[in-house]
Amino acid sequence: MGVLSLSVAIFAAFAKPAAAMFYYPSPVFSALEHILVDNWGAYASNFSAAITPCDNYVTEVGLPAINSRRTTAAQWMRVAFHDFATADVAAGTGGIDASIGFETAREENTGSAFNDSFTFWRPFVNEFVSMADLLAIGTVMSVHLCGGKYIPYQPGRVDATAADPKTGVPEPSTSLEDTVAQFEKAGFNQSDAIALTACGHTIGSVHAGGFPTVVEQSAITPNNTNGAVNLDSTRAIFDSAVVHEYIDSTGQRGGPLVTSFNETSRSDLRLYESDDNNTMLELYAQGDGFQDTCVELLGRMLNTVPATVQLQPAIEPALIKLINVTWDVTSDEQLVLSGKIRVLYTGEVSDGPVSITFSNGYTEDLVPEEELGISAFRLTDSQTNATAQYSPFSISSAKLSGASWFTVTTTGIETQLFQIQDKAFIIPSLTRVEDATVSITVAARTYQPGFDLSQVSVRVATPITQPLTLAPKIVRTDVQLEEGESPLNDIGYWFGSTTIEKPTGAVSVTLLSGEDIVDTLLLDAGVAGW
């Protein structure tokens, strides 16, 4: 038997389903676009569920969650600000890098928001999705799903491997001079600092349990178990109420960081008054423009990253998207290409057919599933939420001989073309995990001019726990594959197995030819996948 030495890192403690697929334009885009776009209904991302409705507290359920008066959407925004706040743009350090996970014991990071958020985000982390990217997307989602506008989201953040040595997140007792100086070090001038604070404090509360020097203990009651005092009268809506209530001295009057019984804890008041309230008055006069100001400032905050990190272009909703499209071998030993096509419509779905046409001329009209998905996005300035329709397909390879691409066509949306290949691929139905042992099967055509099987390798990455933070780290393991018997003509099989540590999320297996990615397999995508 021939032996292929393949670099593979693999996954899991129990038997789980696998999904190999062609990702367009990349696994990073595909995974994060799913979180951003697939919000409710069919195949919705569980990410959205955490902040639906927007006053939800995902860490607890039922009456304890309601009585806690905690707001997950507000927690996510607080975590992002604290991760960002120690940035030093001149030095090129800090910013959004998930180092906050290592810094939760610091006095400046008091409260449950950090561990609550990282605990929820952790299963979504894999080789392609960093905790830092999830930390940023949490703020994007909190704003977009809770009444604000969409902050253009650029992926590509890299997770820190240790705490940021710099401290200095502004606290309620921090002096005005120190607060302004820290904002300036992070790239925000005084007016920016005031407006960013107002944007960040239009959702959520301050809790006596975490901030006894801000909120009196008398706020703690059986129906308010953490002693929450809201920042404005609409604690779960991203709006300008915090500005209006501050200027008009109505409602919450700007929140407890303005009105605290303890004058030294009135950090928002000191900041707002530092320019004679001019910035707050400007925000007051903006009306709906307040939302645009917050998009600009929060976007700058989220895009503040270490100088060594290069963010990718902003993700836009894919009008036509491949879902779990993969080659696989059926139980009767037939090679098929299968998956789903997601089409995103402006409002109601079209009555027109969704057609798939291959480069060899084979065409098939797809039958859509009945259940629809709903997105927070409103396309082309529509006032209606976009609707996602899913059309499954399964086509025998005999019908696709020689095909190297296919197009998807539907009414009202530009036809899109997708490349495919069947030179080599991971077989999902024959790649499984059981009792911490991963079994892998790779298939490759045996006679292919210009395709050298000796250059084929596999890279697998597993997210696992690491000390001092809830953010996983990614580890890689090498596995040897042996050539075995194949039931298919002109296609060989290679097999291998390995044991692994218990993973925290999806494990990726990437099939390579030299440096070129040929196929990708996700094992147990869990809550982060389909």
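Being a predicted model, the structure only gives us computed values, none of them experimental. (Residues numbered from 1 in each chain as written. Predicted model: local features only at pLDDT ≥ 70, side-chain atom pairs only at ≥ 80, totals over all residues. Heavy atoms only, no water.)

J.: When you look at the environment of Phe451 in this model, what are you seeing that I'm missing?
T.: Considering the arrangement of structural elements, one finds Phe451 in the loop between β16 (437-445) and β17 (456-466). In this structure Phe451 comes out as buried when scored by relative accessible area, which is 11%. The sequence separation of Phe451 and Ser513 amounts to 62 residues, and the corresponding C-alpha distance is 8.2 Å. Setting aside its immediate chain neighbours within four residues, Phe451 contacts Lys423, Ala424, Val456 and Ser513. (Helix = DSSP H or I, 4+ residues; strand = E, 2+ residues; numbered from the N terminus. Buried < 20%, exposed > 50% of the residue type's maximum accessible area, 1.4 Å probe, protein only. Contact = heavy atoms within 4.5 Å.)

J.: Mind showing me how you'd approach helix α7 (residues 176-185) here?
T.: Each turn of an α-helix holds 3.6 residues, which means side chains three or four residues apart point in the same direction. Thr179, Val180, Gln182 and Phe183 are the residues of α7 that are buried. The buried residues of α7 all sit within an arc of 160° when viewed along its axis, so they share a single face. Buried positions along α7 lie against α4 (72-84), α8 (190-200) and α11 (267-273). Note on α7: the residue one or two positions beyond its end, Gly187, has a positive phi of about 100°. (Arc of directions from axis to C-beta.)

J.: When you look at helix α1 (residues 27-37) in this model, what are you seeing that I'm missing?
T.: Within α1, ten of the eleven residues are buried, which leaves the element mostly enclosed by the surrounding structure. Listing the buried residues of α1 in full gives Pro27, Val28, Phe29, Ser30, Leu32, Glu33, His34, Ile35, Leu36 and Val37.

J.: When you look at the confidence of the model for the protein in this model, what are you seeing that I'm missing?
T.: Close inspection of predicted coordinates is inappropriate for parts of the model with low pLDDT. On average, the protein scores 91 in pLDDT, and the residues at 70 or more come to 95%. Predicted confidence for residues 1-17 stays below pLDDT 50, and this span has 82 contacts to residues more than four positions away or in other chains. (pLDDT = per-residue confidence, 0-100.)

J.: Help me understand the packing of α4 against helix α13 (residues 289-302), please; the structure alone is not making it clear to me.
T.: When two helices pack together, their arrangement is given by the angle between their axes and by how far apart the axes lie. Running from amino to carboxyl end, α4 crosses α13 at an angle of 55°, the nearest separation of the two axes being 9 Å. On the basis of their axis angle, the class for α4 and α13 is oblique. Across from Met77, Ala80, Phe81 and Phe84 in α4, the residues of α13 making contact are Leu298, Met301 and Leu302. Among the residues forming the contact of α4 with α13, the class breakdown is seven nonpolar, no polar and no charged. (Axes fitted to C-alpha atoms, helices over the stretch in contact; angles between N-to-C directions. Parallel < 35°, antiparallel > 145°, perpendicular 65-115°, else oblique. Nonpolar A, V, L, I, M, F, W, Y, C, P; charged D, E, K, R; others polar.)

J.: Before we go on, may I ask you to explain the nonpolar core in this structure?
T.: If you look at the biggest cluster of nonpolar residues, it comprises 90 residues, and the most contacted ones within it are Leu36, Phe47, Trp121 and Leu298. Residue contributions to this core peak at ten residues, all from helix α6 (residues 131-145). If near-sequence neighbours (up to four positions away) are discounted, Phe47 is found in contact with Ile35, Trp76, Phe120, Trp121, Phe124, Leu134, Ile137, Gly138 and Met141. The next biggest cluster of nonpolar side chains, apart from the first, holds 31 residues, and it includes Ile320, Ile341, Ile356 and Leu400. (Core = buried A, V, L, I, M, F, W, Y, C linked by side-chain atoms within 4.5 Å.)

J.: I'm lost on the packing of α4 against α6 in this one. Help?
T.: Running from N to C, α4 and α6 cross one another at 135°; their axes reach a closest spacing of 8 Å. The orientation of α4 relative to α6 falls into the category oblique. You can see that α4 and α6 cross each other, and the crossing is left-handed. Two secondary-structure elements touch here, α4 through Ala73, Trp76, Met77, Val79, Ala80 and Asp83 and α6 through Leu135, Gly138, Thr139, Ser142 and Val143. Residue classes in the contact of α4 with α6 are distributed as seven nonpolar, three polar and one charged. (Left-handed = near helix turned anticlockwise from the far one by under 90°.)

J.: Is there a simple way to think about the pairing of strand β21 (residues 507-513) in this case?
T.: Every other side chain in a regular strand lies on the same face of the sheet, so the side chains alternate between the two faces. In terms of burial, β21 is largely enclosed, as seven of its seven residues are buried. The alternating pattern of β21 places Val507, Val509, Leu511 and Ser513 and Ser508, Thr510 and Leu512 on opposite faces, both of which are buried. For β17 and β21, the ladder comprises six bridges, and the chain directions are antiparallel. When the bridges of β21 are listed, Val456 appears paired with Ser513. (Pairing = 2+ DSSP bridges.)

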